[in-house]
Structures are given as structure tokens and as C-alpha cells.
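Here's the letter readout for the chains.
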Amino acid sequence: QVQLVESGGGLVQPGGSLRLSCTASGSIFSINDMGWHRQAPGKQRDLVASITSDGSTNYADSLKGRFTISRDNAKKTVYLEMNSLRPEDTAVYYCNAVMWVVGSGRLKNYWGQGTQVTVSS
């Protein structure tokens, strides 16, 4: 029984900021990479950012400089700070985590349920 639960989505005006959180819970031995993807209606799910267990980050080129990913290993939580938001950032944002779950015998990728971010005036 493992879950990834996102929070922090909502409506924000263009130019505004928002911080998303995603917390893993359940019988987890360890968490490797964590990250964020987003999917707009009618489009593919694309990488936003990822972060390794020791803090190395990777961003989609178009988002570099506006978005910042971070994590708190003790809290099993990954964050996404979004600044200078634009209408085209509107999407469902999903977190993921590569985890070793009790009883699984191997690392697997898990997805959260997603949280809606709407950028509109």
C-alpha cells in the first residue's frame, strides 16, 4: 500500500507563483528519483523536472529558470516551485517517484493522481 499524493494546485493569475507538493506514504524502503510531469488537454504528458536522491536536478529546457524542483527526504516529499506562470502552463501536474516498496523486490516507478494548475486572468 503505497501512495503519492499531490497538493497545491489551483487557479493563479499570469505572472504569479505556485508551489506544488507531493508526499509518498506507505511501506517504503527507499526512494530514488522523484519528479514532475504535466499534461494539458489533448497533449502528451511531458517532463517538467526531476531530482535524484542526492539533489541533482534536471529540467525541461523551456522551463529552466522559472521552475525549481526540490525534495525533503525525511518527509518523503518532492516540491515544485513555479514562478512567472503563463497561461500555457495550465495543465494537470503529476508527480512520480522511483521507489523500493516493501514486498516488491525491485525498484518501480509510481505516479500520483495529479493536481490541476490553471493560469488565467
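Everything below is about the structure printed above this text.
Residues numbered from 1 in each chain as written. Predicted model: local features only at pLDDT ≥ 70, side-chain atom pairs only at ≥ 80, totals over all residues. Heavy atoms only, no water.

Thoughts on the overall build of the protein chain
Looking only at helices and strands, one finds zero helices and 11 strands in the protein chain. Starting at the N terminus and walking to the C terminus, you meet the elements of the protein chain as β-β-β-β-β-β-β-β-β-β-β. Here the protein chain has a C-alpha radius of gyration of 14 Å; the compact-globule value for 121 residues is 14 Å, and the two agree. Overall, the C-alpha framework of the protein chain stretches about 45 × 25 × 25 Å when taken along its three principal axes. Looking at the protein chain as a whole, 38% of its 121 residues qualify as buried. When contacts within the protein chain are restricted to residue pairs at least 6 apart in sequence, long-range pairs at least 24 apart make up 56% of them. When the accessible surface of the protein chain is summed, it comes to about 6500 Å², and 45% of that surface belongs to carbon and sulfur atoms. Positive and negative side-chain charges of the protein chain, numbering 12 and 9 respectively, have mean locations separated by a distance of 4 Å. (Helix = DSSP H or I, 4+ residues; strand = E, 2+ residues; numbered from the N terminus. Rg over C-alpha atoms; globule rule 2.2 N^0.38 Å. Buried < 20%, exposed > 50% of the residue type's maximum accessible area, 1.4 Å probe, protein only. Contact = heavy atoms within 4.5 Å. Areas by Shrake-Rupley, 256 points an atom, 1.4 Å probe, with all protein chains shown as cover. Lys, Arg positive; Asp, Glu negative; His and termini not counted. Charge placed at Lys NZ, Arg CZ, Asp CG, Glu CD.)

Structural notes on the layout of surface pockets
The space that makes up the largest pocket amounts to roughly 220 Å³. As for the largest pocket, its lining consists of Arg38, Ala40, Lys43, Gln44, Asp46, Leu47, Ala60, Ser62, Leu63, Glu88, Thr90 and Ala91. Looking at side-chain class alone, the lining of the largest pocket contains five nonpolar, three polar and four charged residues. (1 Å grid on protein atoms, 1.4 Å probe; cavity = no way out; pocket = protein on both sides within 12 Å on 5 of 7 lines; lining within 4 Å. Points joined across faces, edges and corners; volume = space filled by probe spheres on them. Nonpolar A, V, L, I, M, F, W, Y, C, P; charged D, E, K, R; others polar.)

Some details on the packing of aromatic side chains
Evaluation of the coordinates by the stated rule reveals one aromatic pair. Over the face of the ring belonging to Tyr94 we find Arg45, whose NZ or CZ atom lies 3.6 Å from the ring centre. Its guanidinium or amino end placed over the ring of Trp111, Arg45 lies 4.8 Å from that ring's centre, counting from NZ or CZ. (Phe/Tyr/Trp six-rings, centres within 6.5 Å; stacked < 30°, edge-to-face > 60°. Lys NZ or Arg CZ within 6 Å of the ring centre and 35° of its normal.)

Digging into the nonpolar core
In terms of nonpolar packing, the biggest core is built from 30 residues, with Trp36, Leu80, Met82 and Tyr93 touching the most fellow members. Put simply, the parts of the chain that give this core at least two residues each are strand S3 (18–26), strand S4 (28–39), strand S5 (46–51), strand S7 (67–72), strand S8 (77–82), strand S9 (91–101) and strand S11 (115–119). Considering each element in turn, this core owes the most residues, six residues, to S9. When sequence neighbours within four positions are dropped, the list of residues in contact with Tyr93 reads Glu6, Leu20, Trp36, His37, Arg38, Val48, Phe67, Leu80, Met82, Gly114, Thr115 and Val117. (Core = buried A, V, L, I, M, F, W, Y, C linked by side-chain atoms within 4.5 Å.)

Focus: the environment of Gln13
Note on placement: Gln13 falls in the loop between strand S2 (10–12) and S3. Looking at Gln13, the relative accessible area reads 55%, which means it is exposed. Those residues in contact with Gln13, other than ones at most four positions away along the chain, are Val119 and Ser120.

Focus: the environment of Val48
Relative to the elements of secondary structure, Val48 occurs in strand S5. In this structure Val48 comes out as buried when scored by relative accessible area, which is 0%. Separated by 16 residues in sequence, Val48 and Lys64 place their C-alpha atoms 9.2 Å apart. Residues in contact with Val48, not counting those within four places in the same chain, are Trp36, His37, Arg38, Asn58, Tyr59, Ala60, Leu63, Phe67, Leu80 and Tyr93.

It is worth stressing that arrangement in space is one thing and function is another; only the former is reported here.
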